[in-house]
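# Survey of secondary and tertiary structure
Each chain, letter by letter, is given below.
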Amino acid sequence: MRASFFACVTGAAASSSYLTWMADSFIQRGVEATSDYGEATLYEGYEAVYALTGDEAYADWYREHIDGPVVLENGTIRNWNYSFYSLDDYRIGNSILWWYERTHEAKYKEAADIIRQQLNRHPRTPTGGFWHRAPNYPNQMWLDGIFMADSFYAKWTSLFDAKNETAWDDIARQYDNIEAHTRNRTSGLLVHGYDESKKAVWADPVTGAAPLSWCRAVGWYFMALLETIPLFPESHPGRARLTEYFITLAAALKKAQDEESGGWWLIMSEPYPGAAGNYIESSASAMFTFGWLKGIRLGLLAEDEYLESARRAYFGLIERFVKVNEDETLNWEGTVEGGSLGGNATYEYYISVPLEENDHRGAGGFMLASYEMERR
């Protein structure tokens, strides 16, 4: 049964928001406690639940998934590989820092420092950008990696090294590199990534850019901008640049929003919206909805320009992707399993990747969008 935002509901829904309803549903089903970036994205949704409700039961559940499964009592990270350099692995650092800010326990600071020190050793492109993963993707920067690593880099710096101008310059450089090589100046959207060496089979021979705008990569980047902008010192020129990146991307997403569904296509590059095999994808649609709503709240976007579109997008998420089960738990549907620049990055590749039910990346994005709607 599809959920309806406007329907009269009973049972769990009658006394619960979509945010808490979705959170309770995942708790009831069970969530494997790992340090994977998918779980880290879902955990961010639980941070939102706690912020909205103040219910310590959510914090207790969350901590059970961090203490032991991720952070050990001696301040190390379970099964951390000190010689493997993948930006995806660094996203969990944001969860660790959330717990440090909440408790000020030394073990969280020590665990976060492990990730921060790994960034110091992480391989870089000739212009200083972090490789997405070594040795798999040499000299490649992906939009995904900005979300995975640079939000953490900014958060750690704001907490423990806020006067380090070199660090802030370095953080801004990651965004600047992505913008210089992946932004389509016609559509305003960004393609999935670029290869600074221009050696990848998909790399444009002049710019090194990938050929297509894959929705979730853009979603990761949109969220990362919102996470990082408020952390930058107001006097640092990087803050103004990142703000401009966010505002112009928000405008491009408004043009790309599907009129019928209120969502966004898996492949947003022309001429693919509406093409055979393409579809409205749920995780990115949730991320863009969240981004607009939070952008309005932070004063980065004008409410009279974006709120109506954001509401249409949010109601579309519920109508299209939220399913009520017989036991009154919610399912989250319509999220693509993944997308990689490890192959040929063709349209045929992206649309061949299957969908996943109750994907943590999509559900986490929906929970964040729900938080922004419900706190208004």
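Residues numbered from 1 in each chain as written. Predicted model: local features only at pLDDT ≥ 70, side-chain atom pairs only at ≥ 80, totals over all residues. Heavy atoms only, no water.

Take the overall build of the chain next. When helices and strands are counted, the chain shows 13 helices and 8 strands. Scaling as 2.2 N^0.38, a compact globule of 376 residues should have a C-alpha radius of gyration of about 21 Å, and the chain matches this with 20 Å. Burial status across the chain gives 59% buried among its 376 residues. Long-range contacts, defined here as pairs at least 24 residues apart, represent 71% of the contacts in the chain between residues at least 6 apart. Accessible area for the chain stands at about 14,700 Å²; split by element, carbon and sulfur atoms hold 49% of it. When the 33 positive and 53 negative side-chain charges of the chain are each reduced to one mean point, those points stand 5 Å apart. (Helix = DSSP H or I, 4+ residues; strand = E, 2+ residues; numbered from the N terminus. Rg over C-alpha atoms; globule rule 2.2 N^0.38 Å. Buried < 20%, exposed > 50% of the residue type's maximum accessible area, 1.4 Å probe, protein only. Contact = heavy atoms within 4.5 Å. Areas by Shrake-Rupley, 256 points an atom, 1.4 Å probe, with all protein chains shown as cover. Lys, Arg positive; Asp, Glu negative; His and termini not counted. Charge placed at Lys NZ, Arg CZ, Asp CG, Glu CD.)

Looking now at the packing of helix α8 (residues 215–228) against helix α9 (residues 237–256). For any two helices packed against each other, the geometry is given by the interaxial angle and the distance between the axes. Following both chains from N to C, one finds α8 and α9 inclined at 140°, their axes separated by 10 Å at the closest point. One finds that α8 runs oblique with respect to α9. For the pair α8 and α9, the crossing hand works out as left-handed. Residues V218, Y221, F222, L225, L226 and T228 of α8 lie in contact with α9, whose contacting residues are L242, Y245, F246, L249, A250 and L253. Here the residues of the contact of α8 with α9 are counted per class, giving 11 nonpolar, 1 polar and no charged. (Axes fitted to C-alpha atoms, helices over the stretch in contact; angles between N-to-C directions. Parallel < 35°, antiparallel > 145°, perpendicular 65-115°, else oblique. Left-handed = near helix turned anticlockwise from the far one by under 90°. Nonpolar A, V, L, I, M, F, W, Y, C, P; charged D, E, K, R; others polar.)

Inspection of the entire model under this criterion finds 19 salt bridges. The partner of E105 in a salt bridge is K107, and the shortest N-O contact between them spans 3.9 Å. Owing to a relative accessible area of 6%, K107 belongs among the buried residues under this scheme. When the shortest N-O distance is used, the salt bridge between K109 and D113 registers 2.8 Å. Highlighted residues: K109 and D113, both in helix α5 (residues 106–121), separated by 4 residues, approximately one helical turn. Ionic contacts of the salt-bridge type, sharing partners, join the residues R63, D67, E73, E105 and K107 into one network. (Salt bridge = Lys/Arg side-chain N within 4 Å of Asp/Glu carboxyl O.)

What follows deals with the nonpolar core. In this structure, I96, Y221, L253 and F366 are the most contacted members of the largest nonpolar core, which totals 132 residues. Examining the composition of this core, we find that 10 residues originate from one element, α8, more than from any other. Look past the residues within four positions of L253 in its chain and what remains in contact with it is L189, V218, F222, W264, M268, F288 and W292. (Core = buried A, V, L, I, M, F, W, Y, C linked by side-chain atoms within 4.5 Å.)

Fine structural detail should not be taken from predicted coordinates in areas where pLDDT scores are low. With 96% of its residues at a pLDDT of 70 or more, the chain shows a mean pLDDT of 96. Confidence drops under pLDDT 50 across residues 4–15; counting only partners more than four residues distant or on other chains, this segment forms 15 contacts. (pLDDT = per-residue confidence, 0-100.)

What follows concerns helix α11 (residues 303–321). For α11, with 19 residues, the first-to-last C-alpha span of 25 Å sits near the 27 Å given by 1.5 Å per residue. Looking only at α11, the buried set comprises Y306, L307, S309, A310, A313, Y314, F315, G316, L317, I318 and F321. If you follow the buried residues of α11, they end up packed against α1 (18–29), α9, α10 (282–297), β5 (322–324), β6 (330–332) and α13 (360–374). (Expected span 1.5 Å × (residues − 1).)

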